[in-house]
Amino acid sequence: MFHSVVSWLPVWITLLPLVGTGLIYVVEQRSWKWRNGLTVIVSALTCVMVAAMYPYIARGQLLTKAFPDILPPLGLSFRVDPIAFLMAAIIALVWLAVAIYSLAYMVREHHKKRYYPFLTLILGGSLGVVLAGDLFTFFVFFEFMSLASYVLIIQEQTPEAMKAGYKYLIMTICGSLLLFFGIISVFELAGTLTLGTGGIIGAPSNLALGAFIAFVLGFGIKAGIFPLHVWLPDAHPVAPSPASALLSGLLLKVGAYGFLRIVYNVYGIELLRRTHWLEPVVYMAVISILLGSCVAILQDDLKRRLAYSSVGQMGYIMLGIAVLSERALFGAIFHIFSHAFMKAALFLVAGAFAHKTGKRYVSQLEGIGMRMPLTLGAFGLASLSMVGIPPLAGYLSKWQLSVGMLDVGRPWLVVVMLLSSLMNAVYLFPVVINGFFGADDSYPEFPGIRWENETDVKMLVPILVLAGAILVFAIYPNSLPFSLSGFSARYLFQLGGW
Amino acid sequence: MNNVFTIVPIVVFLAAGYAAPIVYRWYRRGLAPLVLASTAMCVVSTLWVVLQVAREGPQRYFMGGWPPPWGIEIWVDSRAALGGITLTVVALLVLVYALKDSYTELQDSVVGRYFALIMILLASMYSVIVAADLFNLFVLVELTSLTACGIIAVKGDKLATEASFRYLILGALGSGAILMAVALLYMVTGHLNMALAGEEITTAVLNYPRVVYAALGFLLLGMGIKAALFPLHLWLPDAHSSGPTTASALLSGLVVKVFILSLWRIFDLVFGMGLLEAVPARQLLLALGTLGTLAGSLLALGQRDIKRLLAYSTVANIGYIFLGLGLGTPRALAGAALHIIYHAIMKSGLFLTAGAMAQVAGTRDVHNFSGLGQRLPLTLAAFGVGALGMVGIPPFSGFVSKWYLTLGALDAGQPFYVLVILVASLLSGLYYFPILISAFFGEWSEDKSAQEPHPMLLGPILLFALATVLLGLFPGPLLSLLGI
């Protein structure tokens, strides 16, 4: 009885934001205060419901629910295993922080009536993607999420935003069509699309290879992997900062998550080890890591710099998925968590700078630490974590990734990661160093924390919470995300025997 | 055996057609009740037939009580039943729209005649779907073509007259070809009833193979012209875009589909699948379907006139359906049948929506729809739903048919056609999305006033959008009726 209520949770989690969107739209016609409140409430309730699934996941139970009558003959289905739960938890938490941040940030922006409903809509879509029990459901929500994200990208409606948005839209449609091809081929080959086993495709064939290439390209576009990342550096900076935080912090990961499912649940480790189909992905990831970091150094626009950095960081995650080692996968999954929090925090800080001072460029940010020490402090913490300084979260994920690379006997990949860490430091530390030690004419000496100069509290709290999480979850290494990542990696590697 | 409900729509539509101009002349306010009540009656009776087909299998009716080979047979299988219900429901919604819109688009004096033509067109389309007799079919095809020309020409301007004239000429060519095919088949089989002709066809092929193949060729040519199979589509863009909005909706949504359904029926009943394997008919359909899909999509990309754009998109979608027919695997055929239904609903809805948008914007140029979505959110949302359905985004209708068509292509071991369908989807995204983007996120010039259309226009538009969503989410009944 109780279990039957709980097995509905993934459905409610997906449905609540979707229904909430309608409510928000209706309410905002009357009052923006209620609208703001409702947005946060929907987000928070979703968080609570995700958390409510934890006891079951911790006990090793799966939550499943199928609706064969919707979109037959395949029907929609939901299935929550450890990795799905972890993804949902990351999405729900970061989303809540961003929703709260948006309330203050968006005050001066226009088209707010569009922003909040879509913010909530995409939350529902992305939760649907990660909680999907089969590839078909996954695809339905993925498409939904991708198309709705377009609205966040073009929020500002400037010509460059429209241009970036159009690029995003075209690439997204191409990506979805590729995924469609992949999924339909898998269905043709396997007769099923479930995501519960360690591989549903029995033997390699031309169609299987074609579908695999389609999946790599389709998810590669979403995840922003070289050479499919071209939409990303345009689209992420033009969105409002909270939206960039979501796009870079979460929605990219959904692409990586899809790829992870394809590798471990659809094709299976055995098949991919035998066929070496993942080798090109390893190289694509390596190029993404190096290129993303390199180009990030050259950017003066802070948000563009962060966007390129995301290309590099997504490379880590894809690399961890593609080398087929349990510890590398562990690292990749944990990096999904840590990068989501780090990058969201960084984008929110960039937004806070722009919101308070109107400065978007790194060269303008000298001495910003005099005015906004807490904000810049959070940026510094996230930067240290990005570079991989112990004991922060980024360090833990890089450690696991590197150990995983060594496990499969590829030390040169560790070198790539170290090189990229160095470059991460080159593009992130100057912001922090110049910010704290650069000259600011009005404040020759550090004046202490002055609240009138500091970011609005509603924006500061989410930033500090996200940055704090990077520290807290890393200092207690057996904390929830860390152990869950390990758990998920083990689960994906030992499907069936678990 | 004799199910009288199968011919109710024919009788009722015809009667209403002849009554419409008279009623319009003498008691103008009686037109709406007449048209709507008769169409509603047809909806109910086709619905009843659908239920009976689902329960008991195909239904028949012998005209005048004479069984074949003497009498004319009406035969409603599951595909015809679905076609019939689609036809009557789409017609009902379009007619509601027409009852408001015709007074603005047409001169008052021709409105009565316009409705007469529509009702006769509906009667003949329905009978084409259910006809099981070759000569009877020819007569009805001719009637359909003539009335279809009529509802374009009724607008009376130069463009519409020219387009309908071209349609008439090409349609006459098509009718001639179909008549030749019917005559040849009658010559070698001795029957006009499709099922009986089908029984004789195997011996006929052995004795007169060339005659049978010539009949097949003529049939493909004639039906190809009428159904706008590439490259015989040349009449379509003008014909479908120059008439009144409601005429475009009926032409693009229903008329072309009716010919495909009847071609399909002749394939099934007369020629049989074995014969189609013997000649490269399949390959021809596949090649032309591919070309039509790609050419239609590419040409639609270049259009600025929204109605022409939708018309070219119809050429592409006809290509989809012929692809499904050409692939011939059960799932591809199911996809083709589904796409006939879905495209009828989506395209009719899109044409009606486009008509409403064009009326508000004062032009059919898509560049002038910028910002329209902020003023007419409901109308543009309906357009968005239709467009997403056409692109094949889940969970909207077009996705389901695309799913089956592509699965069918894989079943046939021809992934190339999956590629064709996906490229066409991408192209359709490329021509629909810019319209939506500029409508929702563009700037509306403040000096123009704009408000949602009249409820009699908005209602059908929204119902079409709703149908696009619901049939996409719950295609279960359709699938079970089609036997998949």
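Predicted model only: the values in this text are computed from it and were never measured.

Draft legend 1. View of the overall build of chain B. Broken down by element type, chain B carries 19 helices and two strands. In terms of overall size, chain B behaves like a compact globule, its C-alpha atoms giving a radius of gyration of 21 Å where 484 residues would be expected to give roughly 23 Å. Here the C-alpha coordinates of chain B stretch approximately 75 × 55 × 45 Å along the principal axes. By residue count, 61% of the 484 residues in chain B fall in the buried class. A separation of at least 24 residues holds for 79% of the contacts in chain B among residues at least 6 apart in sequence.

Draft legend 2. Region of the structure containing the interface of chain B and chain A. Taken together, the contact pairs 20 residues of chain B with 23 residues of chain A. Mapped onto the side of chain B that touches chain A, the elements with two or more residues apiece are α16 (397–411), α17 (415–441) and α19 (476–482) of chain B. Per element, the largest residue contribution to the side of chain B that touches chain A is eight residues, and it comes from α17(B). Partitioned by chemical class, the residues of the side of chain B that touches chain A number 16 nonpolar, four polar and no charged.

Draft legend 3. Summary view of the environment of A:Leu207. When you line up the elements, A:Leu207 lands in helix α9 (residues 206–223). For A:Leu207, a count of 18 C-beta atoms within 10 Å gives the class partly exposed. Distance in space between the C-alpha atoms of A:Leu207 and A:Pro373 is 56 Å, their sequence separation being 166 residues. Here A:Leu207 is in contact with A:Ser185, A:Glu188, A:Leu189 and B:Pro415, once residues within four sequence places are set aside.

Draft legend 4. Local environment of the environment of A:Ala328. Residues and elements named next belong to chain A. Assignment of secondary structure puts Ala328 in helix α15 (residues 326–357). On the basis of neighbour count, Ala328 is assigned to the buried category, with 27 C-beta atoms found within 10 Å. Considering only alpha carbons, one finds Ala328 and Asp407, 79 residues apart in sequence, at a separation of 8.4 Å.

Draft legend 5. Highlighting the confidence of the model for chain A. Looking at chain A, the pLDDT average stands at 88 and 98% of residues meet or exceed 70. Within chain A, α9(A) carries the highest mean pLDDT (93), whereas helix α1 (residues 2–7) of chain A carries the lowest (76).

Draft legend 6. Representation of the pairing of strand β1 (residues 59–62) of chain B within the structure. All names here are of chain B. Burial along β1 is one-sided: the residues Gln59 and Tyr61 are buried and none of Arg60 and Phe62 is. One ladder, built from four bridges, connects β1 with strand β2 (residues 73–76); its direction is antiparallel. By the bridge assignment, Arg60 is partnered in β2 with Trp75.

Draft legend 7. Summary view of the nonpolar core. All names here are of chain A. Ala88, Met318 and Ala345 are the most contacted members of the largest nonpolar core, which has 396 residues in total. In terms of residue count, helix α5 (residues 82–105) provides more of this core than any other element does, 22 residues in total. Aside from chain neighbours lying at most four places away, what touches Ala88 is Ile13, Val50, Leu127, Val130 and Leu131.

Draft legend 8. Structural context of unusual backbone geometry. Residue and element names in this part refer to chain A. For the peptide bond that leads from Phe226 to Pro227, omega is 0 degrees, which places it in the cis range. Mapped onto the elements of the fold, Pro227 is located in the loop between α9 and α10 (232–238). Residue Pro390 is joined to Pro391 through a cis peptide bond whose omega torsion reads 5 degrees. Residues other than glycine seldom take positive phi values, yet Gln157 does so here, at roughly 60 degrees. With respect to the helices and strands, the residue Gln157 is situated in the loop between α7 (135–153) and α8 (159–190). Backbone geometry places His276, a non-glycine residue, at a positive phi of 60 degrees. For His276, a count of 9 C-beta atoms within 10 Å puts it in the exposed group.

Draft legend 9. The arrangement of the packing of helix α18 (residues 393–407) of chain A against helix α19 (residues 411–437) of chain A in detail. Residue and element names in this part refer to chain A. α19 packs onto α18 with a crossing angle of 155 degrees between their chain directions and a minimal axis gap of 7 Å. With respect to α19, the element α18 is oriented roughly antiparallel. Every pair of crossing elements has a handedness; the one defined by α18 and α19 is left-handed. Every residue of α19 that contacts α18 at Lys398, Leu401, Ser402, Met405 and Leu406 is listed here: Pro411, Leu413, Val414, Met417 and Ser421. Residue composition of the contact of α18 with α19, by class: seven nonpolar, two polar and one charged.

Draft legend 10. Examining helix α4 (residues 111–130) of chain B more closely. Helix length check: α4(B) (20 residues) gives 29 Å between terminal C-alpha atoms against 28 Å at 1.5 Å per residue, within 8%. Across the 20 residues of α4(B), 19 count as buried, placing the element largely inside the fold.

Draft legend 11. Spatial organisation of helix α2 (residues 31–56) of chain B. All names here are of chain B. Across its 26 residues, α2 extends 37 Å between first and last C-alpha, which sits within 8% of the 38 Å expected from 1.5 Å per residue. Of the positions making up α2, those classed as buried are Leu31, Val35, Ser38, Thr39, Cys42, Ser45, Thr46, Val49, Val50 and Val53. Of the surrounding secondary structure, the elements contacted by the buried residues of α2 are α1 (8–26), β1, β2, α3 (78–105) and α4. Looking one or two places after α2, you find Gly57, whose phi comes out positive at around 90 degrees.

Draft legend 12. View of the confidence of the model for chain B. Per-residue confidence for chain B gives a mean pLDDT of 90; residues scoring 70 or more make up 99%. Reported confidences for the modelled complex are a pTM of 0.91 and an ipTM of 0.89.

The rules behind the values
Residues numbered from 1 in each chain as written. Chains lettered and ligands numbered in written order. Predicted model: local features only at pLDDT ≥ 70, side-chain atom pairs only at ≥ 80, totals over all residues. Helix = DSSP H or I, 4+ residues; strand = E, 2+ residues; numbered from the N terminus. Rg over C-alpha atoms; globule rule 2.2 N^0.38 Å. Buried ≥ 20, exposed ≤ 12 C-beta atoms within 10 Å, placed from the backbone. Contact = placed C-beta atoms within 7 Å. Nonpolar A, V, L, I, M, F, W, Y, C, P; charged D, E, K, R; others polar. pLDDT = per-residue confidence, 0-100. Pairing = 2+ DSSP bridges. Core = buried A, V, L, I, M, F, W, Y, C linked by C-beta atoms within 7 Å. Axes fitted to C-alpha atoms, helices over the stretch in contact; angles between N-to-C directions. Parallel < 35°, antiparallel > 145°, perpendicular 65-115°, else oblique. Left-handed = near helix turned anticlockwise from the far one by under 90°. Expected span 1.5 Å × (residues − 1).

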